[in-house]
Amino acid sequence: MLDKKRRWGDPELDKAQGENDAIFAELDGLKELVESGQMTLDQAQVRFMELLERHRLVGERLLTVARAWSTTPGNA
């Protein structure tokens, strides 16, 4: 279960946490949508790949932030 109350105290990290919370909530709901007939398996697979790509992009953005932070004097 996701800890939706966890926050990092950094605006960029908090934003990424919120984005990832939303991504994982939607991922959790895909099976139910297929089982209820609201979405085909093919549609769910496409949506899964889209969500996976969004998650990867959030990770890349955070890696860039972390690299910039580590080069800031006093943070290394």
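To start, this report covers the structure provided alongside it. (Residues numbered from 1 in each chain as written. Predicted model: local features only at pLDDT ≥ 70, side-chain atom pairs only at ≥ 80, totals over all residues. Heavy atoms only, no water.)

What follows is about the side chain of N20. Following the sequence through the fold, N20 ends up in helix α1 (residues 11-35). The contact partners of N20, leaving out residues within four places of it in the chain, are H55 and V58. (Helix = DSSP H or I, 4+ residues; strand = E, 2+ residues; numbered from the N terminus. Contact = heavy atoms within 4.5 Å.)

We now examine the packing of α1 against helix α2 (residues 41-70). Where α1 meets α2, the closest approach of the two axes is 10 Å, and the angle between their N-to-C directions is 165°. The angle between the axes of α1 and α2 places the two elements in the roughly antiparallel class. Of the two possible hands of crossing, α1 and α2 adopt the one that is left-handed. Residues E12, L13, K15, A16, E19, N20, I23, F24, E26, L27, L30 and V34 of α1 pack against L41, A44, R47, F48, L51, R54, H55, V58, R61, L62 and V65 of α2. (Axes fitted to C-alpha atoms, helices over the stretch in contact; angles between N-to-C directions. Parallel < 35°, antiparallel > 145°, perpendicular 65-115°, else oblique. Left-handed = near helix turned anticlockwise from the far one by under 90°.)

The next thing to look at is α1. With 25 residues, α1 should reach 36 Å at 1.5 Å per residue; the first-to-last C-alpha distance of 37 Å fits that figure. At G29, α1 shows its maximal bend, which comes to roughly 30°. Packing partners of the buried residues in α1 comprise α2. The first or second residue beyond α1 is G37, which carries a positive phi of 85°. (Expected span 1.5 Å × (residues − 1). Bend = angle between axes of the 7 residues up to and from the residue.)

I23, L30, M39, A44 and L51 form the largest nonpolar core, which has 5 residues in total. Those elements that place two or more of their residues in this core are α1 and α2. Excluding its chain neighbours within four sequence positions, the residues that come into contact with L30 are M39, A44, R47, F48 and L51. (Core = buried A, V, L, I, M, F, W, Y, C linked by side-chain atoms within 4.5 Å. Buried < 20%, exposed > 50% of the residue type's maximum accessible area, 1.4 Å probe, protein only.)

Right, let's talk about a nonpolar patch on the surface for a bit. Together, F48, M49 and L52 make up a nonpolar patch on the protein surface, roughly 290 Å² of accessible area in all. Looking at the element boundaries, M49 is found in helix α2. (Patch = residues over 30% accessible without salt bridge, like charges linked within 9 Å, V, L, I, M, F, W, Y side chains within 5 Å. Areas by Shrake-Rupley, 256 points an atom, 1.4 Å probe, with all protein chains shown as cover. Salt bridge = Lys/Arg side-chain N within 4 Å of Asp/Glu carboxyl O.)

This part is about the pattern of salt bridges. What the rule picks out here adds up to 7 salt bridges. With a closest N to O distance of 3.8 Å, K31 and E35 form a salt bridge. Taken together, the residues span about one helical turn, with K31 and E35 both in helix α1 at a distance of 4 residues. Using a relative accessible area of 60% as the deciding quantity, one classes E35 as exposed. When the shortest N-O distance is used, the salt bridge between R56 and E60 registers 2.1 Å. Taken together, the residues span about one helical turn, with R56 and E60 both in helix α2 at a distance of 4 residues. For R56, a relative accessible area of 37% puts it in the partly exposed group. Through salt bridges with shared partners, a single network forms among E12, E19 and R61.

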